[in-house]
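Below are the chains, spelled out letter by letter.
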Amino acid sequence: MEIVIIDEPEDVGPLGADAIAQHVVANPEAVLGLATGSSPLRVYQELGARVARGELSLSRCQAFLLDEYVGLPAGHPEAYRTVIDREFCDLVDLDPANVHGLDGTAEDLLGECTRYESAIAAAGGIDVQLLGIGRDGHIAFNEPGSSLGSRTRVKTLTTQTRLDNARFFGDDFHAVPLHCLTQGIGTISSARHLVLIALGEPKAEAVHQLVEGPISALWPATALQLHPHVTVLLDPAAASRLQFGAYYREAYRGKPSWQGF
Ligand SMILES: N[C@@H]1[C@@H](O)[C@H](O)[C@@H](COP(=O)(O)O)O[C@@H]1O
């Protein structure tokens with residue numbers, strides 16, 4: 001894992017965008033994994049700016065979303081497909097036909113999960129997957145207790161996650177769906193490069209567990225310790241509980257490995 005502590009908040013967007021762009025430059029048909037949540041927003045805006053300036057094109061890329069609520073109709077403003085269209089796809093030149101999400105209204109939800117796994121495999125697997133992290137250490141919607149080998153499936157959201165996400169539903173906890181479809185930890189771990197962004201003090205304990213804790217289903221993100229290529233982009237607040245924070249600062253000096261040592 002490379003742990004990059006970024007002192008200037010405005011650098012998060014360019015560094016995260018570089019992480020994606022290097023894959024697209026190497027392979028214009030790269031398969032991208034997209035995450036919802038506030039953490040990747042600066043990255044999406046920076047990628048949008050690069051596409052607008054003609055410096056980058058995602059027109060031949062495929063993209064897969066991590067997760068989706070069960071039961072929100074297509075076009076619901078908080079359905080993750082709508083969110084990703086609004087926050088990312090509308091800013092870049094991805095072909096909408098190449099952006100794939102889970103259908104949380106499917107009659108056969110288990111069949112939908114199987115179909116999604118097959119679609120990712122048919123695309124050749126995900127080259128670079130963006131991730132946020134929940135306060136309880138969840139990635140995508142893999143809540144504490146998730147199997148660390150899990151594949152795409154139906155999950156029940158915890159009360160904490162529903163409370164955290166109520167802000168997107170007019171602060172109405174009961175409006176937040178109880179169930180979701182989510183790529184599993186095993187699915188996410190199959191992506192070739194994982195780029196996790198965590199910002200702010202509320203994420204500090206989850207980040208400490210992710211990087212330094214024992215691998216445990218209690219903190220699902222700890223499974224990433226077994227992955228050969230993970231980049232963790234942190235602001236100082238999210239990094240504040242790292243036991244070896246001084247070492248990561250010295251080792252990476254705010255620069256991911258692709259910028260050279
Ligand atoms: N399913 C999403 C996760 O993919 C995301 O990482 C998490 C944190 O969101 P934020 O980045 O807004 O803190 O929120 C949701 O639960």
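What you are looking at is a predicted structure, and each value in this text was computed from that prediction instead of being measured.

> Describe in detail the site of the ligand, supporting the description with residues and values.
Near the ligand lie 13 residues; those nearest to it are Ser38, Ser39, Asp67, His138 and Lys203. Take Ser38: an N or O atom from its side chain is 2.7 Å from an oxygen atom of the ligand. One of the backbone N or O atoms of Ile133 is found 3.4 Å from an oxygen atom in the ligand. Protein chains bury 93% of the 390 Å² of accessible surface belonging to the ligand in isolation. Residues belonging to the shell around the ligand are distributed by class as follows: four nonpolar, six polar and three charged.

> Please give an account of the pairing of strand β1 (residues 2-5) that cites residues and values.
Residues Glu2 and Val4 of β1 are buried on one face, and the alternating residues Ile3 and Ile5, pointing to the opposite face, are buried as well. Both β1 and strand β10 (residues 230-234) contribute to a ladder of four bridges, which runs parallel. Its bridge partner being in β10, Glu2 is matched across the sheet by Thr231.

> If you had to explain the UniProt feature "domain: Glucosamine/galactosamine-6-phosphate isomerase" (unreviewed entry) in the protein chain to someone new, which residues and values would you point to?
The sites that UniProt annotates as "domain: Glucosamine/galactosamine-6-phosphate isomerase" (unreviewed entry) are residues 19-225. The distance separating the terminal C-alpha atoms of residues 19-225 is 19 Å; by composition the span is 30% helix and 15% strand.

> Explain the confidence of the model for the protein chain to me, using residue names and the numbers behind them.
Per-residue pLDDT for the protein chain averages 96, and the proportion of residues at 70 or more is 98%. Overall fold confidence (pTM) sits at 0.96, and the ipTM for the predicted complex is 0.96.

> Break down the nonpolar core for me, citing the residues and quoting the values.
Residues Leu32, Leu58, Phe88, Leu94, Leu196 and Leu234 are the most contacted members of the largest nonpolar core, which totals 81 residues. With seven residues, helix α1 (residues 12-26) is the largest single contributor of residues to this core. Other than its neighbours up to four places away in sequence, Leu94 contacts Leu58, Cys61, Ala63, Phe88, Cys89 and Val99.

> Talk me through the sheet that holds strand β2 (residues 31-34); I want residue IDs and the actual numbers.
Taken in spatial order, the seven strands of this open sheet run β1-β10-β9-β6-β2-β3-β5, and their pairing is parallel. The two strands at the open ends of the sheet, each matched to only one other strand, are β1 and β5 (99-100). One ladder, built from two bridges, connects strand β3 (residues 62-65) with β5; its direction is parallel. Note on β5: the bridge partner recorded for Phe64 is His100.

> Give a description of the sheet that holds strand β8 (residues 179-182) that names residues and reports values.
A sheet is described by the order of its strands in space; here three strands give the open sequence β4-β8-β7, paired in antiparallel fashion. Strands with a single pairing partner mark the edges of an open sheet, and in this sheet they are β4 (67-69) and β7 (153-156). When the angles between neighbouring strand axes are averaged without regard to direction, this sheet yields 30°. In the sheet, β7 pairs with β8 via four bridges, with the strands oriented antiparallel. Of the residues in β8, the one forming a bridge with Lys155 is Cys180. Here helix α4 (residues 109-122) sits on the sheet and contacts β7 and β8; the angle it forms with β7, its principal contact strand, is near 125°.

About the criteria used
- Residues numbered from 1 in each chain as written.
- Predicted model: local features only at pLDDT ≥ 70, side-chain atom pairs only at ≥ 80, totals over all residues.
- Heavy atoms only, no water.
- Near = heavy atom within 4 Å.
- Polar contact = N/O pair within 3.5 Å; in protein donor to acceptor, adjacent residues only side chain to side chain.
- Areas by Shrake-Rupley, 256 points an atom, 1.4 Å probe, with all protein chains shown as cover.
- Nonpolar A, V, L, I, M, F, W, Y, C, P; charged D, E, K, R; others polar.
- Buried < 20%, exposed > 50% of the residue type's maximum accessible area, 1.4 Å probe, protein only.
- Helix = DSSP H or I, 4+ residues; strand = E, 2+ residues; numbered from the N terminus.
- Pairing = 2+ DSSP bridges.
- UniProt positions renumbered as here; feature names shortened; annotations may be inferred.
- pLDDT = per-residue confidence, 0-100.
- Core = buried A, V, L, I, M, F, W, Y, C linked by side-chain atoms within 4.5 Å.
- Contact = heavy atoms within 4.5 Å.
- Axes fitted to C-alpha atoms, helices over the stretch in contact; angles between N-to-C directions.

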